[in-house]
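This is what each chain is made of:
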Amino acid sequence: TELGAVAKLKDAFAQRNVKVVALSVDSRESHEAWIDDINETQQTTVNFPIVADEDRTVAHAYGMIHPGAADTSAVR
């Protein structure tokens, strides 16, 4: 997943003094399950916060939802 790939780039982000945060339109509980799964299946450690934006306020404000996308579509 994108989250696993970004976690693996921790050192590259640190060298550039960049802090990572993810935005998700899913619940906090979903994130906790994903993190365990990502860490196990991708041999990494998700090491940044994931913000739960269940009502999509932030995603809509920044134009992160593709026009016509379903409510269950990923925000990338």
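For the structure, check the block above.
So, here's what we can say about the structure. (Residues numbered from 1 in each chain as written. Predicted model: local features only at pLDDT ≥ 70, side-chain atom pairs only at ≥ 80, totals over all residues. Heavy atoms only, no water.)

## Describing unusual backbone geometry
The test is simple: Runs of E in the DSSP output that reach at least two residues are strands. Runs of H or I that reach at least four are helices, and both are numbered from the N terminus. Three exposure classes are used, based on accessible area relative to the maximum for each residue type with a 1.4 Å probe and protein chains only: buried under 20%, partly exposed in between, and exposed over 50%.
At Gln-43, a residue that is not glycine, the phi angle is positive and equals roughly 45 degrees. With respect to the element layout, Gln-43 can be found in the loop between helix H3 (28–41) and strand S2 (50–52). Among the residues examined, Gln-43 registers a relative accessible area of 65% and is labelled exposed. Positive phi is not limited to glycine here, since Arg-56 has a value of about 65 degrees. Locating Arg-56 in the fold gives a position in the loop between S2 and helix H4 (57–61).

## Some details on H3
Here is the rule we go by: Given a helix with a known number of residues, its expected span is that number minus one, times 1.5 Å.
A rise of 1.5 Å per residue sets the reference length of H3, with its 14 residues, at 20 Å; its end C-alpha atoms lie 20 Å apart and thus fit the reference within 8%. Gln-43 sits one or two residues past H3 and shows a positive phi near 45 degrees.

## Some thoughts on the side chain of Asp-53
How we decide: Charged-residue counts in this description rest on Lys and Arg as positive and Asp and Glu as negative, His and the chain ends being excluded. Salt bridge criterion: a side-chain nitrogen from Lys or Arg within 4 Å of a carboxyl oxygen from Asp or Glu. By the criterion applied in these results, polar contacts are pairs of N or O atoms within 3.5 Å in which, for protein atoms, one can donate a hydrogen and the other can accept it, and in which residues neighboring in sequence qualify only through two side-chain atoms. Note on definitions: a residue-residue contact is assigned when non-hydrogen atoms from the two residues lie within 4.5 Å.
Along the chain, the position of Asp-53 falls in the loop between S2 and H4. It is Arg-56 that comes nearest to the buried, bridge-free Asp-53 among opposite-charge side chains, at 7.2 Å. A polar contact is formed between the side chain of Asp-53 and the backbone nitrogen of Thr-57, at a distance of 3.0 Å. In terms of polar contacts, Asp-53 uses its side chain to reach the backbone amide nitrogen of Val-58, at 3.2 Å. Asp-53 has contacts with Leu-23, Ser-24, Val-25, Asp-26, Val-58 and Ala-59, leaving out every residue within four places of it along the chain.

## Looking at the nonpolar core
For clarity, the cut-off: Among buried residues, the Ala, Val, Leu, Ile, Met, Phe, Trp, Tyr and Cys ones that are joined through side-chain atoms within 4.5 Å form a nonpolar core.
In terms of nonpolar packing, the biggest core is built from seven residues, these being Leu-3, Ala-7, Ala-22, Ile-38, Val-46, Phe-48 and Ile-50. Excluding residues that lie within four positions of it along the chain, Ile-38 makes contacts with Thr-1, Leu-3, Gly-4, Gln-43, Thr-44 and Val-46.

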